[in-house]
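Summary of the model geometry
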Amino acid sequence: MDCHEPFWQSRRTLTPPKGRGFLLHTKSEIIARKDRELEQLREENRLLRLKVDALVRRVFGGGQSEKLFGDQLSMFEDQTPGQSEACVELPTETQALKKARKRQPRRPRYPEDLPVIEDILDPEPVKANPSLYRHIGEEVSEQLDYEPGRFLLRRQIRRTWVKRNAPDAAPITAVLPPKLLDRGLLAPGLLAHIVVGKYADHLPLYRQEQIFKQRYDVHLGRNTLCRAVELVANWLQPVTRRMFEDQLAGGYVQLDETPVRYLAPGQGRTPKGYLWVSNAPRGDTVFHWAAGRGYAQLQRWLPADFNCIIQTDEYKPYNKLASDFGCKAHAHCWAHVRRRFYQALEAGEHLVRNRWILHQIGLLYLIEKKLREQETTPVLRAAVRSWQSRPILDRLFTALEQMLESGRYKPKSLTGTAIAYALRQRDGLQVYVKHGQVEIDNNLIENAIRPAALGRKNWLFIGDEDAGWRSAVIYTILQSCKTHGIDPYSYLKDVLERLPHMKIQEIGQVTPAAWSKAKSIKRAS
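Residues numbered from 1 in each chain as written. Predicted model: local features only at pLDDT ≥ 70, side-chain atom pairs only at ≥ 80, totals over all residues. Heavy atoms only, no water.

A few words now on the packing of aromatic side chains. As enumerated under the stated definition, the model contains twelve aromatic pairs in all. Judged by centre distance (6.1 Å) and plane angle (80 degrees), the ring pair of phenylalanine 306 and phenylalanine 325 falls under edge-to-face. Of this pair, phenylalanine 306 sits in the loop between α8 (295-301) and β6 (309-311) while phenylalanine 325 sits in the loop between α9 (316-324) and β7 (330-331), placing them 19 residues apart in sequence. Like phenylalanine 325, phenylalanine 306 is buried. One aromatic cluster is present, built from ring pairs that chain together Phe244, Trp276, Trp301, Tyr315 and Tyr318. Between the NZ or CZ atom of arginine 340 and the centre of the ring of tyrosine 421, over which it lies, the distance is 4.0 Å. (Phe/Tyr/Trp six-rings, centres within 6.5 Å; stacked < 30°, edge-to-face > 60°. Helix = DSSP H or I, 4+ residues; strand = E, 2+ residues; numbered from the N terminus. Buried < 20%, exposed > 50% of the residue type's maximum accessible area, 1.4 Å probe, protein only. Lys NZ or Arg CZ within 6 Å of the ring centre and 35° of its normal.)

Within strand β3 (residues 252-261), eight of the ten residues are buried, leaving the element largely enclosed by the surrounding structure. Strand direction decides the pairing type here: β3 and β6, joined by three bridges, are parallel. Among the inter-strand pairings, glutamine 254 is bridged to a residue of β6, identified as glutamine 311. The pairing of β3 with strand β4 (residues 272-279) spans eight bridges and is classified as antiparallel. Bridged to proline 259 within β4 is tyrosine 274. (Pairing = 2+ DSSP bridges.)

So, about a nonpolar patch on the surface. A grouping of Tyr110, Leu114 and Leu144 is seen on the molecular surface, where their side chains present a nonpolar patch of about 290 Å² in accessible area. Topologically, leucine 144 is positioned in the loop between α4 (124-128) and β1 (160-161). Judged by its relative accessible area of 60%, leucine 144 falls in the exposed class. (Patch = residues over 30% accessible without salt bridge, like charges linked within 9 Å, V, L, I, M, F, W, Y side chains within 5 Å. Areas by Shrake-Rupley, 256 points an atom, 1.4 Å probe, with all protein chains shown as cover. Salt bridge = Lys/Arg side-chain N within 4 Å of Asp/Glu carboxyl O.)

Next up on the list: the pattern of salt bridges. Tallied over the entire structure, the rule returns 16 salt bridges. Note that glutamate 257 is salt-bridged to arginine 293, the shortest N-O span being 2.7 Å. With a gap of 36 residues between them, glutamate 257 in strand β3 and arginine 293 in the loop between β5 (285-290) and α8 connect regions that are remote in the sequence. Overall, glutamate 257 belongs to the buried group, its relative accessible area being 10%. The exposure class assigned to arginine 293 is partly exposed, which follows from its relative accessible area of 31%. Between glutamate 368 and arginine 381 there is a salt bridge, with its nearest N and O atoms 3.9 Å apart. In this pair, glutamate 368 sits in helix α11 (residues 351-373) while arginine 381 sits in helix α12 (residues 378-406), placing the two residues 13 residues apart along the sequence. A cluster of three or more residues bridged by salt bridges with shared partners is formed by Arg282, Glu368, Arg381, Arg385 and Glu439.

Before going further, it helps to examine the sheet that holds β4. Taken together, the five strands give an open sheet; going across it, the order is β5-β4-β3-β6-β7, and neighbouring strands pair in mixed fashion. Across the chains shown, the open sheet's two edge strands, defined by having one partner strand only, are β5 and β7. With six bridges connecting them, β4 and β5 associate as antiparallel partners. When the bridges of β5 are listed, leucine 275 appears paired with tryptophan 289. Together, β3, β4, β6 and β7 form the strand contacts of α9, whose direction differs from that of β3 by roughly 145 degrees. Strand contacts of helix α17 (residues 468-483): β4 and β5, with the helix running at about 165 degrees to β5, the strand carrying the most contacts. (Contact = heavy atoms within 4.5 Å. Axes fitted to C-alpha atoms, helices over the stretch in contact; angles between N-to-C directions.)

Let us look at the side chain of aspartate 313. Examined against the element boundaries, aspartate 313 turns out to sit in the loop between β6 and α9. There is no salt bridge for the buried aspartate 313, and the closest opposite charge comes from arginine 293, which lies 5.3 Å off by N-O distance. Excluding residues that lie within four positions of it along the chain, aspartate 313 makes contacts with Asp256, Tyr318, His332, His336, Gln425 and Asn442. (Lys, Arg positive; Asp, Glu negative; His and termini not counted.)

Looking now at helix α6 (residues 205-216). Between the first and last C-alpha of α6 there are 16 Å, a value that for twelve residues agrees with the 16 Å anticipated at 1.5 Å per step. Among the residues of α6, those classed as buried are Leu205, Gln208 and Phe212. End-on, the buried residues of α6 take up no more than an arc of 55 degrees, which puts them together on one face. Turned more than 90 degrees off the buried face of α6, the exposed positions are Gln214 and Arg215. Among the residues trailing α6, aspartate 217 stands out with phi positive, at a value near 60 degrees. (Expected span 1.5 Å × (residues − 1). Arc of directions from axis to C-beta.)

Tracing the backbone through its elements, the reader meets tyrosine 409 in the loop between α12 and α13 (414-424). Each C-alpha atom, one on tyrosine 409 and one on histidine 350, is 8.8 Å from the other, the two residues being 59 residues apart in sequence. Each residue touching tyrosine 409, except ones within four places of it in the same chain, is listed here: His350, Arg353, Met403, Thr415, Gly416 and Ile419.

As a further point, take α9. Pro317, Tyr318, Leu321 and Ala322 are the residues of α9 that are buried. Angularly, the buried residues of α9 cover 145 degrees about the axis, an arc narrow enough to put them on a single face. Exposed residues on α9 whose side chains face more than 90 degrees from its buried face are Lys316 and Ser323. Following α9 by one or two positions, glycine 326 adopts a phi angle in the positive range, close to 65 degrees.

This paragraph deals with unusual backbone geometry. Of note in the backbone geometry, aspartate 217 takes a positive phi value of approximately 60 degrees without being a glycine. On the secondary structure map, aspartate 217 appears in the loop between α6 and α7 (222-249). Classification of aspartate 217 as exposed rests on a relative accessible area of 58%. The phi dihedral of histidine 350 is positive, around 45 degrees, even though this residue is not glycine. Within the secondary structure, histidine 350 sits in the loop between α10 (334-346) and α11. Judged by relative accessible area, which is 32%, histidine 350 ranks as partly exposed.

This is the structure in structure tokens:
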């Protein structure tokens, strides 16, 4: 380039400027574009910080509690987004929420029928010459003690007999009772202990192997323990199948899933499988194993004539399930909605609006709490919800629509995503009002999944893809035992002793629900 040549005539310049105004206009556009980019980066940075803060609170803070305390409730302002932000008096329901909960009576620390071992302690002078003393009273002190479990050999001796008056007749011997496994070493009591140890107490089999060896000098290899779990699962599978049939007969199930890793030999990794869960509120919880999370895996364990009311989260295969199978209704979960607005409130976004929304959702839950305390029937629940919950829902969704139309809430913000999430599921969130048997949320099934989530932190993965069904069967039994308030060890020991003698038509007598009912009748009589 010639030093005397104007810069706009250089080959590097594609279009010559048309004056000073062109440069100013270009600079203003560049600045505006940079400002927009900077604002986007700031918003992205803010959202990432919120996610990091939420993760830190979950790991190091108070967990995932979403409780609103009295001082937070006092800041509620009963207003819709279009009204002024003047403070108003709280409704009666909110006042009820602010009251301190009544102190629950203290539960006894141990059952009254606990075995008692008495140690009588006398003074040394009395021991030396008891005839000189007369007993006039006593002082009693108690301590709760524990004796570790013990192994024992259960030996069955079948004696052989011959008739006295017929010495040439063939001798007779008692028939060996049916067993879970012919020539099996492990008795039902030990099998129940191994299963409860792994799936309820979250002790991996290799730890149980070490405990048996170090504390009791009993050597049971890990392969033996694995075969014991498989044996128990095989015998309990018809029981869980009957439980699932009874569950579907009720016409309403909650569905969810949780991931579990499993070994895949030769692949050098642990693929992700899933325990799908179906739950009947205040009834049985049934786990189903599948190697994936897609719609095809969901179809594998559902019957072809499935036609129940389902309650799920927003996962797409559940929506496809509701349409393809023609389900009576598809309810969604208010706990998921509340969680999103609570996260927005915790992050400091739009405090007044988010408090108002959480207050409205709290009123819905207060109605449900009263219905549970009164143990109302589904018909009465539907009537009360239509009378009390319906106006709250109409008010809440009207406010959410106004908030969305106002444009004041950024779509990618926590509040914006919470609003979109609630409006997207509007129909499903109102199903519970019409159907009295449907719960307001999916919390019951999420609570049922927690033991499996806790267990996988200890045993890490399932042995292989074909072994996943065993965990599903055993989790089904143990979680249902917990629901019905029965000791899983006592149940498993009794059922494993009875199953070899039973016919398939009698399986309904040993489900956790039937077993618990039979025990209650026996105690009452």
